[in-house]
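These are the residues of each chain, in order.
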Amino acid sequence: MPDYKKTKIACYLGFITQAIAANFAPLLFLTFHNTYQISLGRIALIPTCFFFTQLLVDLFCAKFVDRIGYRICVVASEICAATGLIGLAVLPDLLPSPFGGILISVILYAIGSGLIEVLCSPIIEACPFENKEATMSLLHSFYCWGSVGTILISTLFFLLFGTEHWKWLAVLWALIPAVNIYNFATCPIEYLVEDGNGMRIGKLFQKPLFWLFVCLMVCSGASELAMAQWASTYAEAALGLSKAVGDLTGPCLFAVMMGISRIIFGKYGEKLDLTPTEFEILLYLCRHLNQVVTSEELFENVWKEKYLENNNTVFVHVCRIREKMHENTRKPKFVKTVWGVGYKLEE
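In this text the structure is predicted, and so the values were computed from the model without any measurement.

About the criteria used
Residues numbered from 1 in each chain as written. Predicted model: local features only at pLDDT ≥ 70, side-chain atom pairs only at ≥ 80, totals over all residues. Heavy atoms only, no water. Helix = DSSP H or I, 4+ residues; strand = E, 2+ residues; numbered from the N terminus. Buried < 20%, exposed > 50% of the residue type's maximum accessible area, 1.4 Å probe, protein only. Contact = heavy atoms within 4.5 Å. Areas by Shrake-Rupley, 256 points an atom, 1.4 Å probe, with all protein chains shown as cover. pLDDT = per-residue confidence, 0-100. Arc of directions from axis to C-beta. Polar contact = N/O pair within 3.5 Å; in protein donor to acceptor, adjacent residues only side chain to side chain. Pairing = 2+ DSSP bridges. Axes fitted to C-alpha atoms, helices over the stretch in contact; angles between N-to-C directions. Parallel < 35°, antiparallel > 145°, perpendicular 65-115°, else oblique. Left-handed = near helix turned anticlockwise from the far one by under 90°. Nonpolar A, V, L, I, M, F, W, Y, C, P; charged D, E, K, R; others polar. Salt bridge = Lys/Arg side-chain N within 4 Å of Asp/Glu carboxyl O. Patch = residues over 30% accessible without salt bridge, like charges linked within 9 Å, V, L, I, M, F, W, Y side chains within 5 Å.

## Comments concerning the overall build of the chain
Next up, step 1: The secondary structure content of the chain amounts to 15 helices and three strands.
Next up, step 2: Counting every position in the chain, which comprises 347 residues, the buried fraction comes to 44%.
Next up, step 3: Put simply, of all contacts in the chain between residues at least 6 apart along the chain, 74% involve residues at least 24 apart.
Next up, step 4: Total accessible area on the chain is roughly 18400 Å²; 64% of this is exposed by carbon and sulfur atoms.

## Observations regarding the environment of T135
Next up, step 1: Looking at the element boundaries, T135 is found in helix α8 (residues 132-161).
Next up, step 2: Since its relative accessible area comes to 8%, T135 is described here as buried.
Next up, step 3: C-alpha of T135 to C-alpha of K8: the two residues are 127 residues apart in sequence and 8.5 Å apart in space.
Next up, step 4: Discounting chain neighbours no more than four positions away, the residues touching T135 are K8, Y12, I124 and F129.

## Here's the deal with the confidence of the model for the chain
Next up, step 1: Taken over all residues, the pLDDT of the chain has a mean of 82, while the share at 70 or more is 80%.
Next up, step 2: At the level of individual helices and strands, the chain shows its lowest average pLDDT in helix α10 (residues 201-205), which scores 63, and its highest in helix α9 (residues 166-186), which scores 96.

## Describing helix α14 (residues 295-302)
Next up, step 1: Buried within α14 are the following residues: S295, L298, F299 and V302. On an axial view of α14, the arc spanned by its buried residues comes to 95 degrees, and they lie on one face.
Next up, step 2: Packing partners of the buried residues in α14 comprise α13 (276-287), β1 (293-294), α15 (313-324) and β3 (342-345).

## As for the environment of K6
Next up, step 1: Along the polypeptide, K6 turns up in helix α1 (residues 4-23).
Next up, step 2: Along the backbone, K6 and P188 are 182 residues apart, and their C-alpha atoms lie at a distance of 7.7 Å.
Next up, step 3: Not counting the four nearest positions on each side in its chain, K6 is found in contact with Y182, N183, T186 and C187.
Next up, step 4: At 2.7 Å, the side chain of K6 forms a polar contact with the side chain of T186.

## So, the pairing of β3
Next up, step 1: Pairing geometry for β1 and β3, over two bridges, is antiparallel. Its bridge partner being in β3, T294 is matched across the sheet by G342.
Next up, step 2: The pairing of strand β2 (residues 335-338) with β3 spans four bridges and is classified as antiparallel. Residue pairing in the sheet places V335 in a bridge with L345 of β3.
Next up, step 3: The antiparallel hairpin formed by β2 and β3 contains three residues in its connecting segment, where G340 sits at a positive phi of about 80 degrees.

## Considering the packing of helix α6 (residues 70-94) against α9
A pair of packed helices is characterised by two quantities: the angle between their axes and the separation of those axes.
Next up, step 1: In the contact formed by α6 and α9, the axes pass within 8 Å of each other and the chain directions differ by 165 degrees. Between α6 and α9, the interaxial angle falls into the category roughly antiparallel. The interaxial crossing formed by α6 with α9 has left-handed handedness.
Next up, step 2: By residue class, the composition of the contact of α6 with α9 is 19 nonpolar, two polar and four charged.

## With respect to the pattern of salt bridges
Close approach of charged atoms lets side chains of opposite charge pair.
Next up, step 1: Inspection of the entire model under this criterion finds two salt bridges.
Next up, step 2: Salt-bridge contacts for D93 lead to K167; the nearest nitrogen and oxygen are separated by 2.2 Å. Highlighted residues: D93 in helix α6 and K167 in helix α9, separated in sequence by 74 residues.
Next up, step 3: Between K306 and E300 there is a salt bridge, with the nearest N and O atoms lying 4.0 Å from each other.
Next up, step 4: A relative accessible area of 64% means that K306 is categorised as exposed.
Next up, step 5: According to the relative accessible area criterion, E300 is partly exposed, its value standing at 28%.

## Focus: the side chain of N180
Next up, step 1: By the element assignment, N180 lies in helix α9.
Next up, step 2: Residue N180 is classed as buried on the basis of its relative accessible area of 0%.

## Brief notes about a nonpolar patch on the surface
Next up, step 1: A contiguous nonpolar patch, built from I86, V90, L94, L95, I104 and V171 and spanning about 470 Å² of accessible area, is present on the exposed surface.
Next up, step 2: With three residues, the single largest contributor to the nonpolar patch is α6.
Next up, step 3: Among the structural elements, V171 can be located in helix α9.
Next up, step 4: The class for V171 is partly exposed, based on a relative accessible area of 34%.

Dropping the structure here:
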């Protein structure tokens with residue numbers, strides 16, 4: 001039987017690699033500013049480049065991942081991450097423009113980070129683990145704890161050896177994705193869908209729900225990166241705190257809070273096992289939050305058919321949704337009945 005434990009370890013290390021890519025360079029923004037005389041305005045392009053490179057990889061890798069294969073792509077992600085981290089230590093002094101060297105390195109490991117984000121979850125999802133929800137929750141918490149580890153170890157390194165030796169630390173961090181290349185190259189990897197059964201990217205782009213999730217991803221990702229990548233610099237430059245205190249009270253504390261929230265969700269959160277129709281009903285009610293939606297409107301927008309009087313189809317599906325949400329049918333808290341009219345989803 002394949003050793004899927006090795007797959008799990010490789011994916012955990014993949015998320016730690018992503019945490020290193022997202023959190024290491026921001027700890028050095030003021031060092032870049034002072035060492036290479038790069039203005040803070042130009043340094044602001046570093047997290048911007050990282051974010052948009054990762055976002056583009058997230059959006060468009062679906063077009064080629066299934067054709068190339070999960071294994072080749074995920075191994076390539078670790079190669080890009082390791083190369084980018086080593087490049088961060090080498091390229092600023094090799095190239096005529098230190099800022100150009102930093103940007104090239106950031107783009108390289110951002111490509112790796114984006115591929116890891118897209119691939120590790122479906123790789124774990126496809127493995128036949130018994131408690132898959134707990135495994136997935138733990139997987140995503142590894143990004144948070146990887147961030148905490150990156151910040152704590154980097155801060156300790158800077159305290160012991162000084163920030164002027166940051167290039168050695170960049171090379172040391174590159175060892176994690178370098179080792180994980182072997183893990184992903186040898187571990188068993190399954191596929192969520194058989195060849196030819198996946199949704200084409202053109203069809204995916206036609207779905208409004210896809211673009212809603214893209215907007216959510218952009219907003220949440222931008223907020224997270226803005227906090228994680230600028231908290232340390234703000235604490236040092238604006239508040240006058242020492243680098244160690246700034247790193248620990250800024251990005252480190254932020255990562256700890258993220259990790260705790262994901263553990264709480266993994267332990268106490270519950271997945272709603274909705275059918276496609278139930279999901280469409282709930283989504284339509286979400287779009288009209290705190291508004292009364294008639295049964296006729298719900299039926300015609302979800303089933304795409306003409307509504308007939310005395311049709312209890314909507315009522316039956318709403319009852320099932322309430323059951324799955326553990327709602328009190330007499331006094332529902334969220335999906336409420338407006339007698340003689342329809343339904344309303346309340347916050």
